[in-house]
Amino acid sequence: LNIKEVRVKQNPELNEAFFEQYGEKVNSEEDFNNMVDEEITSYKEYQNKAANRTILKEQLAGKLDFEIPEGVLKNEVEFKLKQQERAQQEGEEKASEDEAKTKAEKDAAEHLRLAVFLQKMLENDEISVNEDEVKQRFVMNAQMLGMDPNELIQQEHGKQFYQETYQMVVEDTVLDYLADQVLS
């Protein structure tokens, strides 16, 4: 056993140079502590909203039961099967062909029913989607992929990616609205 290095974590000194890193909002230790508290509170609220959305989606999946046009369902099943194939190529456990198709059919039907429900909620309850949030998420996701958002949106898969981002924002918006209605 050879010890190559011993490190001691040293917290930075809370001085003007440190506070300057955070812009005009932070000028003192109290301001810094308030900022950290706000970030922690915001993160916890985000986690709670995400948990509420997951619970609502699971409950809706069990309640939404209506026919989906066969052609639409078939296309979605094919899309889900392709997603499963990509996941398996990335190292996920391979399912049998029958299991994969059964899962794809179930996931596709649930996804489409939820999408129809969410769209109806948008129309009927006058809920609006924040287009700026859609754009912001698209730009952030494009940058995380190392792509220029302006170039990506010009490509066919970029347009599809934007549409998927829009659907995610719709889902979050409507589910947050429903959670607020239930919890208030």
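1. With respect to the layout of surface pockets
If a probe as big as a water molecule is rolled over the atoms, it shows which places are left empty.
Here's step 1: Approximately 1,200 Å³ is the volume found for the largest pocket.
Here's step 2: In terms of lining, the largest pocket is formed by 36 residues, of which the most central are Glu76, Phe79, Lys80, Gln83 and His111.
Here's step 3: Contributing elements (two or more residues each) for the lining of the largest pocket: α2 (29-63), α3 (70-89), α4 (97-124) and α7 (156-183).
Here's step 4: Considering only residue class, the lining of the largest pocket consists of 13 nonpolar, 10 polar and 13 charged.
Here's step 5: Roughly 200 Å³ of internal volume is contained in the second largest pocket.
Here's step 6: The wall of the second largest pocket is formed by Phe79, Gln83, Arg86, Leu145, Leu152, His157, Gln160, Phe161 and Glu164.
Here's step 7: Per-element accounting of the lining of the second largest pocket gives the leading share, four residues, to α7.
Here's step 8: Split by residue class, the lining of the second largest pocket holds four nonpolar, three polar and two charged.

Conventions adopted
- Residues numbered from 1 in each chain as written.
- Predicted model: local features only at pLDDT ≥ 70, side-chain atom pairs only at ≥ 80, totals over all residues.
- Heavy atoms only, no water.
- 1 Å grid on protein atoms, 1.4 Å probe; cavity = no way out; pocket = protein on both sides within 12 Å on 5 of 7 lines; lining within 4 Å.
- Points joined across faces, edges and corners; volume = space filled by probe spheres on them.
- Helix = DSSP H or I, 4+ residues; strand = E, 2+ residues; numbered from the N terminus.
- Nonpolar A, V, L, I, M, F, W, Y, C, P; charged D, E, K, R; others polar.

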